[in-house]
Amino acid sequence: MTHPIRLGLVGLGKIARDQHLPAIAATEEIELVAVASRNATAQGVVNYADLGAMLAGEPGLDGIVLCQPPQARFDAARMALAAGKHVFLEKPPGATVSEAQALAALAAHRGTTLFAGWHSRHASAVATAKAWIAARRIQQVVITWKEDVRHWHPGQDWIWEAGGFGVFDPGINALSILTEVIGEPVRLIDAELETPANRHAPIAARLAMATAGGVPVAAEFDWRQTGPQTWDIRIEADGEALCLSHGGNALTIDGVVQDTGPEAEYPGLYRRFVELVDEGKSDVDLAPLQLVADAFLRGTNRIVAPFDA
Ligand code: NAP
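Re the overall build of the chain
No. 1: Counting its regular elements, the chain contains nine helices and 15 strands.
No. 2: Taken over C-alpha atoms, the radius of gyration comes to 19 Å for the chain, in line with the 19 Å a tight globule of 309 residues would show.
No. 3: If one aligns the C-alpha atoms of the chain with their principal axes, the spans along those axes are about 55 × 45 × 35 Å.
No. 4: Accessible surface computed for the chain: about 13,600 Å², of which carbon and sulfur atoms make up 51%.

Things to note about unusual backbone geometry
One can expect most non-glycine residues to show negative phi and most peptide bonds to be in trans.
No. 1: The linkage connecting K91 with the following residue, P92, adopts the cis geometry, with an omega of -10°.
No. 2: Position of P92 relative to the elements: it lies in the loop between β5 (86-89) and α4 (97-110).
No. 3: Notably, F165 is not glycine yet its phi reads approximately 85°, a positive angle.
No. 4: If you trace the backbone, F165 turns up in the loop between α6 (149-152) and α7 (168-181).
No. 5: The exposure class of F165 is buried, given its relative accessible area of 6%.
No. 6: For H246, which is not glycine, the phi torsion reads 50° and is therefore positive.

Quick word on the sheet that holds strand β12 (residues 240-245)
Pairing between sheet strands relies on hydrogen bonds along the backbone, with the strands arranged either parallel or antiparallel.
No. 1: Reading across the sheet, the nine strands line up as β14-β13-β12-β11-β7-β10-β9-β8-β15 and stay open at both edges, with mixed pairing between neighbours. The outermost strands of the open sheet, each flanked by one partner alone, are β14 (256-257) and β15 (300-304).
No. 2: Against the sheet, helix α5 (residues 126-134) engages β7 (138-146), β11 (230-237), β12 and β13 (250-253), with an angle of about 160° to β12.
No. 3: Contacting β8 (186-196), β9 (204-211) and β15, helix α9 (residues 287-298) runs over the sheet at an angle of about 65° to β8.

Things to note about the packing of aromatic side chains
No. 1: On inspection of all chains with the given rule, the structure shows nine aromatic pairs.
No. 2: When the ring of W160 is compared with that of W223, the centres are 5.1 Å apart and the planes differ by 55°; the resulting orientation is tilted. Highlighted residues: W160 in the loop between α6 and α7 and W223 in the loop between β10 (216-222) and β11, separated in sequence by 63 residues.
No. 3: For W223, a relative accessible area of 1% corresponds to the buried category.
No. 4: Taken together, the ring pairs in this structure connect F88, F115, Y270 and F273 into an aromatic cluster.

Observations concerning the nonpolar core
Taken as a class, soluble globular proteins show a tendency for nonpolar side chains to be buried jointly.
No. 1: Among the nonpolar cores identified, the biggest contains 55 residues, and V141, I143, F168, L178, L207, M209 and F221 are the most heavily contacted of them.
No. 2: It is α7 that provides the largest number of residues to this core, a total of seven residues.
No. 3: Contact partners of L207, with chain neighbours within four places excluded, come to F168, L175, L188, D190, A191, V217, A218, A219, F221 and A295.
No. 4: Listed in part, the 24 residues of the second largest apolar core include L7, A23, V274 and V277.

Details of the side chain of T260
No. 1: You can see T260 is positioned in the loop between β14 and α8 (265-279).
No. 2: Judged by its relative accessible area of 18%, T260 is buried.
No. 3: Only 3.5 Å separates the side chain of T260 from the backbone oxygen of N249, close enough to count as a polar contact.
No. 4: When sequence neighbours within four positions are dropped, the list of residues in contact with T260 reads S124, A125, N249, A250 and L251.

Side note on the environment of N301
No. 1: Mapped onto the elements, N301 comes out in strand β15.
No. 2: When the C-alpha atoms of N301 and P262 are compared, they prove to be 39 Å apart, with 39 residues separating the residues in sequence.
No. 3: Once residues lying within four places of it in the same chain are set aside, the contact partners of N301 are L193, E194 and T195.
No. 4: Polar side-chain contacts of N301 include one of 2.7 Å to the side chain of T195.

Section: the sheet that holds strand β6 (residues 114-116)
No. 1: Read across the open sheet, the six strands follow the order β3-β2-β1-β4-β5-β6; overall the sheet is parallel. The sheet is open, and its two edges are formed by β3 (46-48) and β6, each paired on a single side. For this sheet, the mean inter-axis angle between neighbouring strands, taken without regard to orientation, is 25°.
No. 2: Direction of pairing for strand β2 (residues 30-36) relative to β3: parallel, over a ladder of three bridges.

Concerning the side chain of D148
No. 1: Summarising the element assignment, D148 is placed in the loop between β7 and α6.
No. 2: Not counting chain neighbours up to four residues away, the residues in contact with D148 comprise W223, Q225, T226 and Q229.

Conventions and cut-offs
- Residues numbered from 1 in each chain as written.
- Predicted model: local features only at pLDDT ≥ 70, side-chain atom pairs only at ≥ 80, totals over all residues.
- Heavy atoms only, no water.
- Helix = DSSP H or I, 4+ residues; strand = E, 2+ residues; numbered from the N terminus.
- Rg over C-alpha atoms; globule rule 2.2 N^0.38 Å.
- Areas by Shrake-Rupley, 256 points an atom, 1.4 Å probe, with all protein chains shown as cover.
- Buried < 20%, exposed > 50% of the residue type's maximum accessible area, 1.4 Å probe, protein only.
- Pairing = 2+ DSSP bridges.
- Contact = heavy atoms within 4.5 Å.
- Axes fitted to C-alpha atoms, helices over the stretch in contact; angles between N-to-C directions.
- Phe/Tyr/Trp six-rings, centres within 6.5 Å; stacked < 30°, edge-to-face > 60°.
- Core = buried A, V, L, I, M, F, W, Y, C linked by side-chain atoms within 4.5 Å.
- Polar contact = N/O pair within 3.5 Å; in protein donor to acceptor, adjacent residues only side chain to side chain.

The analysis is restricted to geometry; functional conclusions fall outside its scope.
Structure representation (structure tokens):
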């Protein structure tokens, strides 16, 4: 298609301001034309209260990026796809696997691009880790994703509600890296979830998984970590150990720090979106979402102390 891609953004909240607006501004092939948000406005664009008003007011839009919480994703995506727009979904691509699959089918039917973005897959060390794994026989993967929910998600009630994912909101980022680098399907074997007595989503989770080839993968997600924050994936292979840390933006191999370049997750996502639109393709990989869904399906849930923000 001809550039720039005229884009409308929905849900002007934390991630839209922190990452999407700067990444869009730095992407030559995209022009942000309008924003739809109930309680916020952006400068230098046309603002609307909701997606319906934006679609009616801006018939020339080519694409829509959806940055709301997952519970609001499906209805908005369906409306945008039905209007013939290319759609970029923030992670997770839906509150359920089946709704994300329905969107993929709708996009295919309409002939528009649907992009389920996984920002952590664009972290600076991920491609190097993937190449390292591809050249080895791996024996074990251990994921440790521990952060302080009070610091990272203040006032986000939706994250504690059904469909908000709780600790899987960050945990799914680890699973998106895992399923990108590992090179084979990963299955969920078992899970233990801990849910505060006054909330509907877990504050901690432990997952036992395995690759199709039988390599064990353990993951521990915890939102109660104060002090240093941990977003690590450790992979052992042939007597060597690779550690992806800082959410995939730092890398050591046998303790030796590797040069991975600057962090550029969201510019990478927008490059991919432009590429998909240009090629007339979609990219909807639901493997990380499926593992989370399976943890809820197969796991045991323990009620723990109430969480007060
Ligand atoms: P947020 O700031 O709480 O929400 C984004 C905006 O969505 C809100 O400000 C709200 O704007 C709009 N919205 C529409 N429907 C809503 C609803 N039912 N409940 C609450 N807000 C609604 O959240 P966020 O941190 O930006 O996260 C949004 C998405 O980005 C999530 O899927 C999250 O997993 C993903 N994400 C977040 C981060 C991060 O660091 N925060 C990082 C990567 C990805 P209006 O009220 O103005 O409509």
